[in-house]
Amino acid sequence: MRYRHFPTVTLALGVVLLVDVLRVFLPAVITIFGQAASTPAELLGAFAFGWFLLALAAPALIRRVGARPVTLAAAVLLVVARLAVNGQPGGPLQLWLATAGLLAGLVWLAGAAATTDRPVPGLALGLAVGALLHTALDTYRSAFFGDWPAWLAAVTVAGLFLAGQARPASAAGPGGVRSWLLAGPALLLAGMVALSPAVARTATSYQFGLLRSDPADAVGVATVPLFGAAPLAVAVGGFLLAALASPRRGAWRWPGPVALVAGAVLVALERGELLLPAVLLSAVGLGACLASAGAADGGTRGGTDATGDPAHDDGGQDPAQGGGQEPARAAGRRGYAAVAGMLVFAVAAVAYYAAYDLGHPNAGVPVAVAVLVAAVALATRPAPARGPARAGGGAGRPAPGPLRPSLPPVWTAASAAVLTLLAAVASDELLSASNRDGPPEAVRVVAYNVRMGFGMHGRFDPDALARAAAGADVVVLSEVDRGWLLNGGHDTLDLLAERLDMPYVFAPAADPLWGDAVLSRWPLDAARTRPLPAVGAPTGAQALGITVDFSEDVRLAVVATHLQPPPGEDPVVQARAVADFAVRYAAGRPLVVAGDLNTEPGDPAFAEFTRAGLVDALAAARPLPTSPADAPRQQIDHVFVTPDLTAGEVAAPPGTASDHLPVAVTLTLPRG
């Protein structure tokens, strides 16, 4: 590796570590500092945003103390926090370690900005490597994956980062402000859609699912894909190629920003079949916008010379101390730009995800961030091409202009794409179902609100979820997250399906990444979904109908739902809609309706199901409280069946893998 690559690689590794810490910090705010819906969203947002706001003091600290000591100290603290959260069992310690890591990472970012005027190659490489590692670990990583592969990855990245950080930085020129301003927005768009393996897999499962029997029946649902995250290889390759290539001029500058905004608009439409083009468009567009924003970076002093190697015009002095006032002012501007960009990240993330608690529209948030990135990219004036030395410019010194890429674009993009494809293929498992030896006499059904995979102590633990549902033949899941950045970007459904070795059908509720699912050991077909009336509730709700085929014309209709009542009210309207839909969907076949219904026996919404002719399958074990999991007192998770199904062996296995307990019941199928 040539010397000129070290700053780029070091910056990239720091970005990987910062993203790792963010993947722990964001869900910890929801599940440890707060308890999701029981803690006001405004308080959660204020806590999260406050730490980003505190980082505004970093540039002033750097100006007073110096960039090198501040950056090096912050880098060490970032590494310590990153390694400390690895394998943590959750709880307050995990929250505060992640918070310390976040603040250290933001200070490090401001310090890196003070000494780096060409951040685009490092930022782009860091986002791509983060996506590659996330893919290789099957979207399951950071503090929630304590096995040796995660430790090896974490220690390797941390060691290389510190080794690179220990090298003295070369002097920086006056440019780079626009590029650093885009660091936070780029991180948000990459994590939300462009470079998320969980989103790529979910997008593939909407368009290329393997369980779909009739496309007309499966509109709006997602099923198991083959090599689901494979499209991410195209996204990573396209992103890096666009980001590292020489920026376009004239009218050719427009396609990148237009593609980025178009991808964000497709996300805002909240339709599963549009997710895949959204991923590809936003990835390439984001890379092109970063390249355009960095078009004038490097300036006329410092930075790198005509060969791409570090320049040493002012003796390598700390830009925050010595070397003149102009370098110090430029360093300060870059530091504030980097922190301001991360503030944009925090505001946009809080605004987007808090909408599911507060009820305000959020579809425009990714579009607004994409428009900001596009506007900054288009406002950047590319420097003229380098030419021969100008008169008075020094003997043999070239005129200022765009700099040679610090990484070879085609080779880097192709290598990253191939590695990402291999990671996607290696980490994916093909899930299949069969009719076995004929229809069973009884079926074990489990209904489980998995709270996006996070337990009562804030630990993401799909293994514990799988143990809680062990022995089931049909599993009905509520609150399934398939890639929200707020929750760490995990595909909870795919992880749980692999552990249970069950194919799935997923139906979106709030957006294409959050909803309900049914898993089964037998083939599933005839999927249908119906959106439920919102009746004032901020989070959307739906009813998913699916048919379990036991062979020999023995079939079981299953309807999965998660009722979302307005605060303090009973979900009567939604319960009535689900009951009507379920009875029509079953069309006389044995029927199961299950999920987190947010109503208790004796409530009006509960009565809507019995009024439709359904029977409480858990009645023999009442009272059967299921929420909260650590001290259950509410009976809100239910299984209703038609009278031709005989219920037995009812249980609510104890555990804290979610904030709900699962409910399990064995159903004897009707003879004949």
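Just so you know, these numbers come straight off a predicted model, no measurement behind them. Every chain begins its residue count from 1, and numbering advances along the sequence as written. pLDDT decides what is reported in this predicted model: residues at 70 or higher carry local features, side-chain atom pairs at 80 or more are listed and counted, and totals for whole chains, interfaces and linings draw on all residues regardless. Calculated side-chain values reflect all of the structure's heavy atoms, with hydrogen atoms and water omitted.

### Topic: the environment of Gly-238
Move 1: In this text, helices come from DSSP runs of H or I with a minimum length of four residues, and strands from runs of E with a minimum of two, each type numbered from the N-terminal end. Along the chain, Gly-238 falls in helix H11 (residues 231-244).
Move 2: For the exposure calls, accessible area comes from a 1.4 Å probe over protein chains only, and a residue counts as buried if that area is under 20% of its type's maximum, exposed if over 50%, partly exposed in between. Classification of Gly-238 by relative accessible area gives buried; the value is 17%.
Move 3: Spatially, the C-alpha atoms of Gly-238 and Val-410 are 9.8 Å apart, while their sequence positions differ by 172 residues.

### What to know about the sheet that holds strand E8 (residues 555-562)
Move 1: Here, a strand pair is defined by DSSP locating no fewer than two bridges between the strands. The strand order across the open sheet built from six strands is E6-E7-E8-E9-E11-E10, with neighbouring strands paired in mixed fashion. Each edge of the open sheet is held by one strand with a lone partner, namely strand E6 (524-531) and strand E10 (615-616).
Move 2: Note that strand E7 (residues 542-549) and E8 share seven bridges and pair antiparallel. Opposite Asp-549, over in E8, you have Arg-555 as the bridge partner.

### Description of the nonpolar core
Move 1: Residue types Ala, Val, Leu, Ile, Met, Phe, Trp, Tyr and Cys, when buried and joined through side-chain atoms within 4.5 Å, form a set referred to as a nonpolar core. The biggest cluster of nonpolar side chains holds 150 residues, and the ones touching the most others in it are Phe-52, Trp-180, Leu-195 and Leu-477.
Move 2: Here this core takes 17 residues from helix H1 (residues 5-33), the largest share from any one element.
Move 3: The contact criterion used is simple: two residues touch if any of their non-hydrogen atoms lie within 4.5 Å. Discounting residues that sit within four places of it in the chain, Trp-180 has contacts with Leu-11, Leu-109, Ala-112, Ala-113, Thr-116, Pro-119, Leu-123, Arg-334, Ala-337 and Ala-338.
Move 4: Core analysis: the second largest hydrophobic core is formed by 35 residues, Ala-507, Trp-522, Ala-527 and Leu-669 among them.

### Considerations on the packing of aromatic side chains
Move 1: For Phe, Tyr and Trp, rings pair up if their centres lie within 6.5 Å, where Trp contributes its six-membered ring, and each pair is then called stacked (planes under 30 degrees apart), edge-to-face (over 60) or tilted (otherwise). Going through the model one piece at a time under the given rule, you end up with 17 aromatic pairs.
Move 2: Geometrically, the ring pair formed by Phe-33 and Phe-47 is stacked, given 4.1 Å between the ring centres and 15 degrees between the ring planes. One end of the pair, Phe-33, is in helix H1; the other, Phe-47, is in helix H2 (residues 41-54), and 14 residues separate them in sequence.
Move 3: Given a relative accessible area of 29%, Phe-33 falls into the partly exposed group.
Move 4: Here Phe-47 falls in the buried class, since its relative accessible area comes to 12%.
Move 5: Taking the centre distance of 6.0 Å and the plane angle of 15 degrees together, the rings of Trp-484 and Trp-514 count as stacked. Here Trp-484, found in the loop between strand E3 (474-481) and helix H18 (492-500), pairs with Trp-514, found in strand E5 (residues 514-520); they are 30 residues apart in sequence, far enough to count as distant.
Move 6: The exposure class assigned to Trp-484 is buried, which follows from its relative accessible area of 6%.
Move 7: Assessed through its relative accessible area of 6%, Trp-514 is described here as buried.
Move 8: An aromatic cluster is defined as three or more aromatic residues linked by ring pairs; in this entry it consists of Phe-25, Phe-33, Phe-47, Trp-51 and Trp-96.
Move 9: A positively charged side chain is recorded as over a ring if its NZ (Lys) or CZ (Arg) lies within 6 Å of the ring centre. The angle to the ring normal must also be within 35 degrees. Positioned above the aromatic ring of Phe-506 is the side chain of Arg-482, whose terminal nitrogen or guanidinium carbon lies 5.3 Å from the ring centre.

### Let's talk about the sheet that holds strand E13 (residues 663-668)
Move 1: With mixed pairing, seven strands are arranged side by side in an open sheet as E1-E4-E5-E3-E2-E13-E12. At either margin of the open sheet sits one strand with a lone partner, and together these are strand E1 (222-223) and strand E12 (646-651).
Move 2: Sheet topology note: the strand E2 (residues 442-449)/E13 ladder contains six bridges and is antiparallel. For Val-446, the partnering residue across the bridge sits in E13 and is Ala-664.
Move 3: Note on geometry: axes are lines fitted to C-alpha atoms, helical ones only across the stretch in contact, with angles between N-to-C directions running from 0 to 180 degrees. On top of the sheet, H18 reaches E3, strand E4 (504-511) and E5; it is set at about 155 degrees to E3, its chief contact.

### Thoughts on the pattern of salt bridges
Move 1: One side-chain nitrogen of Lys or Arg within 4 Å of one carboxyl oxygen of Asp or Glu is enough to make a salt bridge. Inspection of the entire model under this criterion finds 14 salt bridges.
Move 2: When the shortest N-O distance is used, the salt bridge between Arg-271 and Glu-273 registers 2.6 Å.
Move 3: Using a relative accessible area of 46% as the deciding quantity, one classes Arg-271 as partly exposed.
Move 4: Classification of Glu-273 by relative accessible area gives partly exposed; the value is 29%.
Move 5: The shortest N-O distance in the salt bridge between Asp-616 and Arg-622 comes to 3.0 Å.
Move 6: On the basis of relative accessible area, Arg-622 is assigned to the partly exposed category, the value being 22%.
Move 7: Salt bridges here are not isolated pairs; linked through shared partners, they connect Asp-138, Arg-201, Asp-428, Arg-482, Asp-491 and Asp-494.

### A look at the pairing of E5
Move 1: Of all seven residues making up E5, seven are buried, and the element is well covered by its neighbours.
Move 2: Here E3 pairs with E5 via six bridges, running antiparallel. Note on E5: the bridge partner recorded for Leu-477 is Ala-517.
Move 3: Strand direction decides the pairing type here: E4 and E5, joined by six bridges, are antiparallel. For Pro-508, the partnering residue across the bridge sits in E5 and is Gly-515.
Move 4: Adjacent in sequence and paired antiparallel, E4 and E5 are bridged by two residues.

### Observations regarding the confidence of the model for the protein
Move 1: Every residue gets a pLDDT, meaning the predictor's confidence in that residue, from 0 to 100. Residues at a pLDDT of 70 or more form 88% of the protein, whose mean pLDDT is 87.
Move 2: This model gives residues 299-316 a pLDDT under 50, and the stretch forms 55 contacts once residues within four places in sequence are excluded.
Move 3: In the predicted structure, residues 385-403 sits below a pLDDT of 50 and forms 40 contacts with residues beyond four places in sequence or in another chain.

### A word on the packing of helix H10 (residues 197-207) against helix H13 (residues 275-293)
Move 1: Taken N-terminus to C-terminus, the directions of H10 and H13 make an angle of 140 degrees; their axes are 8 Å apart at the nearest point. As the angle between them shows, H10 and H13 are arranged oblique. Residues Val-199, Thr-202, Ala-203, Thr-204, Tyr-206 and Gln-207 of H10 form the contact with H13, whose own contacting residues are Leu-275, Leu-276, Pro-277 and Val-279.
Move 2: Residue classes follow a fixed rule: Ala, Val, Leu, Ile, Met, Phe, Trp, Tyr, Cys and Pro count as nonpolar, while Asp, Glu, Lys and Arg count as charged, and any other residue, Gly among them, counts as polar. Residue composition of the contact of H10 with H13, by class: seven nonpolar, three polar and no charged. We call two directions roughly parallel when the angle between them is under 35 degrees, roughly antiparallel when it is over 145, roughly perpendicular when it lies between 65 and 115, and oblique otherwise.

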